[in-house]
Every structure is written in C-alpha cells, then in structure tokens.
Amino acid sequence: MKNGDHLFLVDGSGFIFRAFHAIPPLNRKSDGLPVNAVSGFCNMLWKLLTDARDTSVGVTPTHFAVIFDYSSKTFRNELYDLYKANRSAPPEDLIPQFGLIRHATRAFNLPCIEKEGFEADDLIATYTRLAEQAGASVTIISSDKDLMQLVTPNVSMYDSMKDKQISIPEVIEKWGVPPEKMIDLQAMTGDSTDNVPGIPGIGPKTAAQLLEEYGDLDTLLARAGEIKQAKRRENIIANADLARLSRQLVTLRTDTPLDVPLEDFQLEPQDGPRLVAFLKAMEFTTLTRRVAAATDTDADAVEPATVPVEWGADARGPDLDKASAAPGPSSTGDAAPAGEGVSTGEAGEATPEALAQSRAALFASAAIDHARYVAIRDVATLDAWIADARDAGLVAFDTETTSLDAMQAELVGFSLALADYAKDPAGTVIRAAYVPLIHKTGVGDLLGGGHAENQIPVRDALSRLKVLLEDPSVLKVAQNLKYDYLIMKRHGITVKGFDDTMLMSYVVDAGNGTHGMDALSERWLGHKPIAYKDMTGSGKSSVTFDYVDIDRATAYAAEDADVTLRLWHVLKPRLAAKGLVRVYERLERPLVPVLAHMEERGITIDRQILSRLSGELAQGAAALEDEIYKLAGETFTVGSPKQLGDILFGKMGLPGGSKTKTGQWSTSAQVLEDLAAEGHELPRKIVDWRQMTKLKSTYTDALPGFVHPDTKRVHTSYALAATTTGRLSSSDPNLQNIPVRTAEGRKIRTAFIATPGHKLVSADYSQIELRVLAHVADIPQLRQAFADGVDIHAMTASEMFGVPVEGMPSEIRRRAKAINFGIIYGISAFGLANQLSIERSEASDYIKKYFERFPGIRDYMENTKAFAREHGYVETIFGRRAHYPDIRSSIPSHRAFNERASINAPIQGSAADIIRRAMVKIEPALSEAKLSARMLLQVHDELIFEVEDAEVERTIPIVVSVMENAAMPALDMRVPLKVDARAAMNWDEAH
DNA sequence: GTCCGACCGTA
DNA sequence: TTACGGTCGGACG
C-alpha cells in the first residue's frame, strides 16, 4: 500500500445488526429463509463497488475488506467480566444471516476478515492506522460511534444506510468533542448496550462540557475536587476507577495481530458468475439482473450456488416441502453437511456421521480414570480450576444437594470437569474436581456432625463460580441443567452459555429409552457410574449428601461431571450428524431457563378452599361407603378392584364386562356405568365413591403438602425429556391434570388463585391438533373450515352424513367429534366402537365413510406408517423425531399399537413444538412491551400467566399474538392458529 | 422397602 | 383409538 491509495473497510458485524432492524423482514420465497440483512448487505456492497469502479465519482478505493466479529469473548472480558454481559442472544431470524453474509462477502470476491479474541472494531483500528502510516486514506463503512475515535484528516466514516459522510466536523457536531476525545467521552458516559459502566449521571452533554473545561479525562479526575456541582463532584471522585476501566474498554487496539496483510486487500475485478450464483441462491432477482448486466454474465446459464444455511449451529436448511407434507421415503434428512457443532478439532473426519461414529467408538472404550479426580478445599486451587475452565471455554458442571426438589434443595458442593485436549484432541482425557461446601463430620452420629474442616466458605466459592457460570463465552455442560440452573439461581447466579446432555440425548433418541445420566453412561460409555444410593443409603437409614464422607463424595461427584463431559463429546457430533442441532437449539435448550423461571415462580393456592373441599368429600365418601356396605351385604375395601370384583361378579352375580390384561374382571368406570344403566344400584355408588376419593386423595389432600414453606406457593417440576412426542410433563405435583370436566372437579380449580392485585390469565389454543392435521395432511375441507372459523366437528358430521350444520342433532356432532379425535389417535374400528359404545361393524363403516370424504387423511396415515416402518421414527413439522423401535414387531398387537402411536406423534408433537416456540418467545415479547406478566404454568395447549390488574388488557393481545404466530417464521402454516384468552381471579373462571 | 397393575385425572 | 403422573392395593422380598 502506498501514498494515494484508498482503503475501504466495511464494519460487517455492525452492518448486520443495523440492516436487520432497519430493513423490513424479507424471506426467501422457496423456503422462508430470512434474508433481509443479506439483501441490504449485498445492495450496499454492490453500490459501493459500482461507484468505486466509476472513476467519475470522487472516492475510488484501491483496497477493500469486510471485517467481522469472531465471537463474543475477547480480551475485554479479561479486563471486565461483565463486558457485553447483558447482550441477549440475537433474534432467531438473524442467526442464519451471519453465515450468509460471510458467504456474500466471498461471493463479491472481497476479503472476509475476523480474528478470535478481537472485535471487528480492533481489526478496523489496526488496519486503519497501518494504512494511514503508509500514506493512504481510509473510509470506514459504519456509523458506530465506537469507531469515531479513529477519524482523522485522512480517515473518515461513511454511513451507507443514510448516505452520510462522517468526518471531523460531523463528529464534533454530533458529540461536541473532536474524534481524539471520543475515548474519554465514552469512558465517562459508558455504554449500556456493551455494559461499559462509565460514570453514573454523566451523559454526552456533560461529558463534552467537562472535557472542554479540563481537556482530558486524567486531568478531570485529578482536579475533580474543583467541580462545583456537589453531586457530580462526588460521583466522579467515587467512580474514577470505573471511568479508567471504561476507558480501557472503549479504547480500540491498534496492535491487533493480523493474519492477512493490507496488500491482500487490493481490489480485484468482480467475478460475475460467482456473484450471480450466490444472488440466485438467495433469490434476489433484481440485484441478480443488475449484476449480470454489469458483469456481462448470462444469468440463465449460471446455476444457483449451494449455500449452506446455519440455523443456529445446524447446517440443515428448512426443507419446508418435506416438513409440511406427509413424510415419505424420500426424506431421510440424514445427509446434512457438517455444521459448526462438529468443528471441535478432528479435521480428518470427512462427514458428521463419520465423526459421530468414531467419537462413539472412542468413548465406548476410553477408561474412566478416578485417579484424575481431586477435592478442591482452598480458594487458590478453585481459582486455578476456574481460570483453566475459562481458558478452555468448555467445562462440565454439576451440583450436589440435599434434595431432588430444586426449590428446597440445599447446595452441598459442586463439581467441574475439564478435557485435556493437549493430551487427546478428541477429549477422552478428562480431569475432574469436587468442591465440598457444607459437608458434616460424624455420619451416623445421633446429634449430627459438625462442619467438616478445610471447605471453602460458600460465599467465597460462589463468588468465584458466578464469574464462570455467568460468562456466556464459556460453555457449561450439564446433565439436566434445569435443576442446577434453579439451584444456582436461588444463589443469585444465572447460568449463561450452556449445553444439556440430557436434552441432546432426547433430541437424538426420543423413544429409545430414557435419558438419565446413568442410562446414557451405560449406553454410550459402557460405564456404570457410582450409584447415588451407594453414597447416601436409602430408605429409613438414608442420609443427605452433606453427611457423605468427602473422599467418597468426591469420587461420586467428580465422576458425574466427568461422565457428563464425555457424553457431551459423544452426543454433540451425533446431533449434527442427524441434522437435529436446530431442534435442540430452538425447541429444547432455550426452554431450560423459561421452565426454570416458571417453576421458581410457582402459583398460589387457597388452602382454605381445599381443606373445606376435603371435608365435604370425606363426608360424602363416608356416607357412600355405608350405603355400599349395605348394598353389598358386607364390609370390604371399596378401593380394591380385586375385592370389588369378587362382590359384583361373584357374590352378586352381575354380568362381567371386559377383562383386564391380567385376566381379572374389570371394574373400570365404563363397566360400572354400563351396569348402572341396566338399573343396578351398587355400581353407581362405586363410581361416585371413586370420584370423591380420587379428588380427595390426589388433589385436595395432596396439594397443600406442596406449598413451599418460604414462598407459600406451589412449585411444580416440568420434565423436558420425558415424553416420546415432545410434550412436557409435570410432577410433584402434577399441575397438568387438575380436574376440569365435572362440576365437582372444577371446584379444585377455584383454589388456584392470583396474588392480590393480580389476575390469572389463561390462554389456550383452539383445536390445535386438528389444525396441525389439516396442515400436514393438507385437507382442503378442513383448511377451509378453519379459515372460515366454523365448528369443525359439525362440519365433519355434515360432510360425512350429509346433515346440514344448522339444527344438527347433538348426537350426530358427538359422533363426528369422536371420529376426529380417533383420527388424531390413529383410529381403529375397535377403539371407535368402544368410545361410542357402538358395534365394531358400525364403527368400521364410519371410518370407511370418513376416508371417502377425506382421502388425504388416509394417505397421510398410510404414508406416516410406511415412513415409520422404514426409518423407525417419525418427524414433527419442525423436524423433531419420535422413535418407535417396536414398529417392526412380529406381534401384531404391538405393531398396531406402534403404528397408531406413530400416526399420533407428528400431530401431538408438532402441537407441542408450537407451544414450546411460543413459550420461548413470550418473555421477550412481554418485556419488549414493558409488561410484567409472569408465565406460571403450561398444560399442553394452554399457558397460564399472573398479571397485574392494570396490565391485563394490554397483556392479553400480546400473549395471543405470540401464540398464534408461534410457528412463524420457521413455518408458514396452511391453517390459522386460534387462541382464546381470559382473565379471572382463579383458574376455573379464567379457563 | 420396592415394584406392578388397575384406575383415573388432564390434553 | 394418543400422550402423561398419582394413588391405591397387593404381592414380592
């Protein structure tokens, strides 16, 4: 580079964010890929380059480069832990565009520059000063104020979106100081978006005024005592150190080590076909035409480029045709190219599948070495481990506590595990440590023991741990992180930057066994970990973990962290190999904090209501018992189906209905109802007694026992990885099966109440599974009915039986409704006959008629079964897999069961995916709207919020809109989603 | 103490 | 006919 040359540096990362927010959403037509920032970027570059080659325009670059941020962790994090710590994850629609814009840069035949550990700004600063020293002039394409410190007579900036030049006068006009004072000004004002602290109470105007008066920051700090305004004086004196730190943070480095010399930025001629190929792949028709014309390229002769799309870290594009049509043999989805998720070092592995397999083989035979476990009992050692973890950027983490209930558990210690990649790049050499915190001495001692010696004080250990866990640039790997997340949250630590091996396994293997650590360890590592019970004992003689001897606890806890880290090394590439990174990153991982927060909030119940109900139910059941004994002629255990069966079908000689699978006469409600309908008195009483005792034992008696002693609320626990289909489950207590169908049962719902000054808001999807079915099977009548908002069951009846919807008998509609549900469940004549209490032949006729009217449904069901048989799994519309390994069973009933389940899974699972997406989006949407509503519960198609009275009206439309649009933008459904929402004092009235 | 089957609450 | 979790009785050790 020489005197008179002109260097253009594009701040690529800055442009991406700005373009994304400034340019309206734009999606690639063929598949919905968001491309608005890519489009803005390409148009901007094209204009700059066109002008550059037009010598009649004043500024003509001789050198050109686009600079990007490499990662979020830079040397600034060493200076200040919290630097950029408040940055939230980029919007979903922006994520795939990061990679695309780098591809675009290369397609433009321009250098694409980034360097690990440095921000784009530092690279820009370094190149700028180098070019300046060589006598060249520089134009930085950016409007970021952080870069204004670089402006000199030879260096200016250009805001391409506003077509505005920024030179020395513009900086002074905007900030009141010349560029060389921008550093001091920023040091004083701070920057909330980057979390640069600055001096509180000092804004740009005051800062400029002070700099005018004192010249620079050091002088100001030295002479701060002279400031007249008392408040301002105190603030500056008290925060002098913060200001100095801030100055370090905002000062751009001009000594960044460079991989690419300036000379390589020499502007090359445009490669027309290459650029056209990229633009065609993006489907930017106008720009394609323009570029083709300007570069003399025959656009029709150019094939669109293959541009890998990285949705998150996944390389698999959103193949919507496949995702939305009935799954067929053609869609294997397994042949995805490598994504970032596997770029952990093994350059020799050609494909993700090969890497996943070699990793699995490696870890299956790698020995677990307990000699590499230590107990950490002093702060210096802990600091060293944490420093190593931060250097490595990857650490397994696990907590040991006194309870399985994360809301009540007491933290006893924690463990860390690190891979030594120098010893083995694949990660099989692992060291692990346990940090005991509150272990006691004297197990078995009746008085309990005293505090064991040489344990780091909890406060000291947690303050160290906080730095590690809250650093998003260090990946924390945990098994069932939601538990540890809650434990740490209760200690004021919010884990950021994590992977969860349980969820990774769930995404890869839902339906193939369980996903607990012991099972995964045996499955993938061939290693049976030390059992928890071996530490604490079980039953009456068990102790809590704080009474376990520290040496033994270390062996157990360190092994858990070790195993977790090993599992991560196996499962991460497996995720990529199967093209499931996107499912994991968008439908599983983000739900961890969301669910943890819901569990932490809990919900208030009115114990008085429940206790009154308990009394009423006890009285009612006792009265019924007396009558039952009278009718039976003896006393017996009413709750024993065996004894009841003997009375009803033995002693009293009533006709038995069905048998249970163990051969006993069934006493199910259905059987008893049938007997009651024939005029028998006893069965009716049994049914009533069962309902009362069920409500009492499962709900009114049990729920008060779950009220948390401190919060006075009930905190359920959601399982993310328990179901085959992708639904959540709830336990301890299960709040997803609170009664609603009977009037008696609904009384229990009135005990779920809002805190004073608030309302409960319930928002539920209307007919979401039938809508999903209409979408995936693409049934014209169903789509039309949902588009028109008509009664779907009545429409079905009308289609099937030719009865007009107006004045339709309720029995006809009821049957159609049962059929609709049956379809979702993978209908059989046997099941439908049972449900409707009709003959199997009649049910069979119904099904036949249904399929005649809706042949697309039969096609969908047949295709799904065939897909499941071929692949052993089925997929939801978002690509989640549910495995049915027994679908090829030689036992016909097993096979049929698996076929029905695999027909149901894409429907139930897609609905589950949709509400998961809504749950991830809802908290940001509420805070964006400055609303304080708190999501408390999820019941499969319903979300329950606690909302301040004054905010109810503004909250409901936001919740409804997020839920109704939850499939977007990943998927544009062919059927609208409908959500009903209501507010009330209790759950019964809100629902 | 632990497990399993029957039953029943929800979507 | 799908997906769950909780309670109970009863059998096992």
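Note that the coordinates shown come from a computational prediction; the quantities given were computed from them, not determined experimentally.

(A) Examining the overall build of chain A more closely. Of regular secondary structure, chain A possesses 39 helices and 22 strands. When burial is assessed residue by residue, chain A has 52% of its 991 residues classed as buried. The long-range share in chain A, meaning contacts at least 24 apart out of those at least 6 apart in sequence, stands at 68%. Within the structure as shown, chain A displays about 42300 Å² of accessible surface, and the carbon and sulfur contribution to it stands at 51%.

(B) Quick peek at the protein's contact with DNA strand B. The environment of DNA strand B is made up of 23 residues, and the closest members are Thr660, Thr662, Thr667, Val740 and Arg741. Sugar and phosphate atoms constitute 81% of the interface atoms of DNA strand B, taking the interface as everything within 4 Å of the protein. Contact distances for DNA strand B include 2.4 Å between a phosphate oxygen and a side-chain N or O atom of Thr662. Take Arg741: an N or O atom from its main chain is 2.7 Å from a phosphate oxygen of DNA strand B. Classifying every residue of the surface near DNA strand B gives seven nonpolar, ten polar and six charged.

(C) Region of interest: the sheet that holds strand β22 (residues 979-984). Taken in spatial order, the four strands make up an open sheet running β20-β21-β17-β22, and their pairing is antiparallel. Looking at the sheet topology across the chains shown, the edges are occupied by β20 (934-938) and β22. Each strand of the sheet is rotated relative to its neighbour by a mean of 25°, with strand direction disregarded. Alignment of strand β17 (residues 758-765) against strand β21 (residues 942-948), held across seven bridges, turns out to be antiparallel. What sits directly across from Val761, in β21, is Phe945. Strands β17, β21 and β22 of the sheet are contacted by helix α38 (residues 952-964), whose axis makes an angle of about 20° with β17.

(D) How the structure looks around unusual backbone geometry. Between Asp732 and the following residue, Pro733, the backbone shows a cis peptide bond with an omega angle of -5°. Mapping Pro733 onto the fold places it in the loop between β15 (729-731) and α29 (743-749). For the peptide bond that leads from Met968 to Pro969, omega is -5°, which places it in the cis range. With respect to the secondary-structure elements, Pro969 resides in the loop between α38 and β22. Despite not being glycine, Asn454 shows a phi value in the positive range, around 55°. If you trace the backbone, Asn454 turns up in the loop between β10 (430-436) and α17 (458-469). With relative accessibility at 55%, the residue Asn454 sits in the exposed group. Even without being a glycine, Ser837 presents a positive backbone phi close to 50°. With respect to the helices and strands, Ser837 occurs in the loop between α34 (829-836) and α35 (840-853).

(E) Focus on the side chain of Asp398. Mapped onto the elements of the fold, Asp398 is located in strand β8 (residues 394-401). Look at Asp398: it is buried, it has no salt bridge, and the nearest opposite charge is Lys482 at 13 Å. Those residues within four positions of Asp398 in sequence are excluded, and the remaining contacts are Phe414, Ser415, Asp484 and Asp560.

(F) Inspection of the side chain of His883 at higher detail. You can see His883 is positioned in strand β19 (residues 881-883). What His883 contacts, discounting residues up to four positions off in sequence, is Val508, Asp509, Ala510, Gly511, Asn512, Thr724, Gly872 and Tyr873.

(G) Expanded view of the sheet that holds β10. An order of β7-β10-β9-β8-β11-β12 is seen for the six strands of this open sheet, with the pairing classed as mixed. Here the strands that pair on one side only, and so sit at the sheet edges, are β7 (373-375) and β12 (498-500). Put simply, the sheet's adjacent strands are angled 25° from each other on average, direction ignored. Lying on the sheet, helix α18 (residues 481-489) is in contact with β8, β9 (411-419), β11 (475-478) and β12; it crosses β8 at an angle near 70°.

(H) Structural detail: the packing of aromatic side chains. Per the stated rule, a full pass over the model turns up 17 aromatic pairs. A centroid spacing of 4.7 Å and a plane angle of 50° characterise the contact between Tyr127 and Phe265, whose relative ring orientation is tilted. Within this pair, whereas Tyr127 is found in helix α5 (residues 120-133), its partner Phe265 is found in the loop between α11 (240-250) and α12 (272-282), the two being separated by 138 residues in sequence. Phe265 matches Tyr127 in its accessibility class, with the two residues each being buried. Residues Tyr532 and Phe545 carry aromatic rings whose centres are separated by 5.8 Å and whose planes lie at 15° to one another, so their mutual orientation is stacked. Here the residue Tyr532 occupies a position in helix α21 (residues 532-536), and Phe545 occupies one in the loop between α21 and α22 (550-577), the gap between them amounting to 13 residues. Among the aromatic residues, those joined into a ring-pair cluster are Tyr434, Tyr532, Phe545 and Tyr556. Over the aromatic face of Trp385 sits the side chain of Arg431, whose NZ or CZ is 4.5 Å from the ring centroid.

(I) Inspection of the nonpolar core at higher detail. By size, the foremost hydrophobic cluster in this structure holds 180 residues, and its most contacted members are Tyr765, Ile857, Ile914 and Met919. A per-element tally of this core places α22 first, with 13 residues. Once residues within four sequence positions are removed from consideration, Tyr765 is found in contact with Ile914, Ile915, Ala918, Asp941, Met963, Glu964, Ala966, Leu977, Lys978 and Val979.

(J) Examining the pairing of β11 more closely. In β11, alternate side chains face the same way, and those of Leu475 and Val477 on one face and Lys476 and Ala478 on the other are all buried. Sheet analysis places β8 next to β11, joined by three bridges and oriented parallel. Within the sheet, the bridge partner assigned to Leu394 lies in β11 and is Leu475. Relative to β12, β11 is paired through three bridges, and the arrangement is parallel. If you follow Lys476 over to β12, its bridge partner there is Phe498. Handedness of the β11-α18-β12 crossover: right-handed.

(K) Geometry of the protein's contact with DNA strand C. Residues in close proximity to DNA strand C total 29 residues, the closest being Ser640, Ser729, Phe830, Leu832 and Gln835. Counting only atoms of DNA strand C within 4 Å of the protein, the sugar-phosphate share comes to 76%. Within the side chain of Gln643, a nitrogen or oxygen atom sits 3.0 Å from a phosphate oxygen of DNA strand C. Lys694 places a side-chain nitrogen or oxygen 3.3 Å from a base nitrogen of DNA strand C. Elements with a contribution of two residues or more to the surface near DNA strand C: α28 (681-700), β15, α33 (810-824), α34 and α37 (892-928).

(L) Inspection of the pattern of salt bridges at higher detail. Going through the model one piece at a time under the given rule, you end up with 54 salt bridges. Between Arg102 and Glu114 there is a salt bridge whose closest N-O contact spans 3.0 Å. One end of the pair, Arg102, is in helix α4 (residues 95-107); the other, Glu114, is in the loop between β3 (112-113) and α5, with twelve residues separating them in the sequence. Since its relative accessible area comes to 26%, Glu114 is described here as partly exposed. The shortest N-O distance in the salt bridge between Asp701 and Lys696 comes to 2.9 Å. A cluster of three or more residues bridged by salt bridges with shared partners is formed by Asp499, Lys572, Glu585 and Arg589.

Basis of the calculations
Residues numbered from 1 in each chain as written. Chains lettered and ligands numbered in written order. Predicted model: local features only at pLDDT ≥ 70, side-chain atom pairs only at ≥ 80, totals over all residues. Heavy atoms only, no water. Helix = DSSP H or I, 4+ residues; strand = E, 2+ residues; numbered from the N terminus. Buried < 20%, exposed > 50% of the residue type's maximum accessible area, 1.4 Å probe, protein only. Contact = heavy atoms within 4.5 Å. Areas by Shrake-Rupley, 256 points an atom, 1.4 Å probe, with all protein chains shown as cover. Near = heavy atom within 4 Å. Polar contact = N/O pair within 3.5 Å; in protein donor to acceptor, adjacent residues only side chain to side chain. Nonpolar A, V, L, I, M, F, W, Y, C, P; charged D, E, K, R; others polar. Pairing = 2+ DSSP bridges. Axes fitted to C-alpha atoms, helices over the stretch in contact; angles between N-to-C directions. Lys, Arg positive; Asp, Glu negative; His and termini not counted. Salt bridge = Lys/Arg side-chain N within 4 Å of Asp/Glu carboxyl O. Phe/Tyr/Trp six-rings, centres within 6.5 Å; stacked < 30°, edge-to-face > 60°. Lys NZ or Arg CZ within 6 Å of the ring centre and 35° of its normal. Core = buried A, V, L, I, M, F, W, Y, C linked by side-chain atoms within 4.5 Å. Right-handed = clockwise from strand over helix to strand, strands pointing away.

Interpretation in functional terms is not warranted from these geometric data alone.
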